[in-house]
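Each chain, letter by letter, is given below.
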Amino acid sequence: MEKKGILIVISGFSGAGKGTLVKALIKKYHNYALSVSMTTRKPREGERDGVEYFFTDTEGFEETIRQGGLIEYAQYCGNYYGTPKDYVERQLQAGNNVILEIEIQGALKIKEKFPESLLIFVTPPGAEELKRRLVSRGTESEEVIAKRLARASEESEGIEAYDYIVVNDDLGTCVEEVHQLVEASRRAPVRREAFIEEIRNQLKAFAKGAE
Ligand code: 5GP
């Protein structure tokens, strides 16, 4: 198996359970690394700097953009969010699969820059369930929930850009499904170039011997 890890983008409507899914995946399997994004959003209760996000202000964020420190960034509901470059590159080189939990504009930029990346869209079984999850999470005001639902409607128009869609109904099943997609994509020829080259050369040597 070639060493370089897979860049995995996980997107989904706010409230789809992406965060829980990603945590469960990392806990169960050990060849995943989660990229911690930078944001100008204010921390929610319990969120720690450097763990859930690197929290910064607009000035700090724009400075990081200028320095070329982000692989991608986007604005979402009035805040900046972006993926720091160094960590992702280091983890991929070390052979780990790197997960980016990002929204759709960022996902599309990643696909453009890294065509071999794997894009997975996570959704709850239906819109009613999405609303229920957002409300019961209790971390956002009614106004923010309404904004996020409106954004979900816009995002639903872009689902076809993803490689796979996974319905998050039962968490355990969802974790397995995502892991299997990652494992399957490790077997794509584009990730086995060294192997292909080697077997081609061996076969050429046989073919020569038979001439
Ligand atoms: P939240 O405020 O709920 O933590 O995140 C809002 C949205 O921003 C989510 O859809 C989340 O996936 C997305 N997001 C988080 N980090 C990044 C990032 O680095 N880049 C982009 N493009 N989106 C992000």
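Bear in mind the structure is a predicted one, so any value in this text is a computation, not a measurement. (Residues numbered from 1 in each chain as written. Predicted model: local features only at pLDDT ≥ 70, side-chain atom pairs only at ≥ 80, totals over all residues. Heavy atoms only, no water.)

Engineer: Account for the pairing of strand 8 (residues 118-123), with residues named and values stated.
Structural biologist: Burial of strand 8 is extensive: six of the six residues sit out of reach of the surface. Side chains Leu-118, Ile-120 and Val-122 project from strand 8 onto one buried face, and the interleaved Leu-119, Phe-121 and Thr-123 project onto a second face that is buried too. Of the strand pairs in this sheet, strand 8 and strand 9 (residues 164-167) are connected by four bridges, and their pairing is parallel. Within the sheet, the bridge partner assigned to Thr-123 lies in strand 9 and is Val-167. (Buried < 20%, exposed > 50% of the residue type's maximum accessible area, 1.4 Å probe, protein only. Helix = DSSP H or I, 4+ residues; strand = E, 2+ residues; numbered from the N terminus. Pairing = 2+ DSSP bridges.)

Engineer: Please set out the site of the ligand residue by residue, giving values where relevant.
Structural biologist: In the vicinity of the ligand, 16 residues are found, and the nearest of them are Ser-37, Arg-41, Tyr-53, Tyr-81 and Glu-103. Contact between the ligand and Glu-103: a nitrogen atom at 2.7 Å from a side-chain N or O atom of the residue. Take Arg-148: an N or O atom from its side chain is 2.8 Å from an oxygen atom of the ligand. Surface burial for the ligand is 95%, taken as the share of its 510 Å² of free accessible area covered by protein chains. Mapped onto the shell around the ligand, the elements with two or more residues apiece are strand 5 (70-76) and strand 6 (79-84). Considered class by class, the residues forming the shell around the ligand number five nonpolar, four polar and seven charged. (Near = heavy atom within 4 Å. Polar contact = N/O pair within 3.5 Å; in protein donor to acceptor, adjacent residues only side chain to side chain. Areas by Shrake-Rupley, 256 points an atom, 1.4 Å probe, with all protein chains shown as cover. Nonpolar A, V, L, I, M, F, W, Y, C, P; charged D, E, K, R; others polar.)

Engineer: Would you mind going over the side chain of Thr-123 in detail, with residue names and values included?
Structural biologist: The topology assignment puts Thr-123 in strand 8. A relative accessible area of 10% places Thr-123 in the buried class. Sequence-distant contacts of Thr-123, that is, excluding residues within four places in its chain, are made with Phe-13, Ala-16, Ile-165, Val-166, Val-167 and Asn-168. (Contact = heavy atoms within 4.5 Å.)

Engineer: Can you break down unusual backbone geometry residue by residue, with the values?
Structural biologist: Of note in the backbone geometry, Cys-77 takes a positive phi value of approximately 45° without being a glycine. With respect to the element layout, Cys-77 can be found in the loop between strand 5 and strand 6.

Engineer: Residue-level account of the packing of aromatic side chains, with values.
Structural biologist: Taken as a whole and judged by the stated rule, the model has eight aromatic pairs. Note on Phe-61 and Tyr-80: the rings are 4.5 Å apart at their centroids and 0° apart in plane angle, and the pair reads as stacked. With a gap of 19 residues between them, Phe-61 in helix 2 (residues 58-66) and Tyr-80 in strand 6 connect regions that are remote in the sequence. Taking the centre distance of 5.9 Å and the plane angle of 85° together, the rings of Tyr-76 and Tyr-81 count as edge-to-face. Exposure remark for Tyr-76: the relative accessible area of 8% places this residue in the buried category. By way of ring pairs, the aromatic residues Tyr-53, Phe-55, Tyr-76 and Tyr-81 are connected into one cluster. (Phe/Tyr/Trp six-rings, centres within 6.5 Å; stacked < 30°, edge-to-face > 60°.)

Engineer: Give me the lowdown on the sheet that holds strand 3 (residues 37-39), citing residues and values where you can.
Structural biologist: The four strands lie next to each other as 4-3-6-5, forming an open sheet whose pairing is mixed. At either margin of the open sheet sits one strand with a lone partner, and together these are strand 4 (53-55) and strand 5. The average undirected angle you get between the axes of adjacent strands in this sheet is 25°. Relative to strand 6, strand 5 runs antiparallel, the two sharing six bridges. The residue of strand 6 that forms the bridge with Gln-75 is Tyr-80. Packing of helix 2 onto the sheet brings it into contact with strand 3, strand 5 and strand 6, and relative to strand 6 it is tilted by some 40°. (Axes fitted to C-alpha atoms, helices over the stretch in contact; angles between N-to-C directions.)

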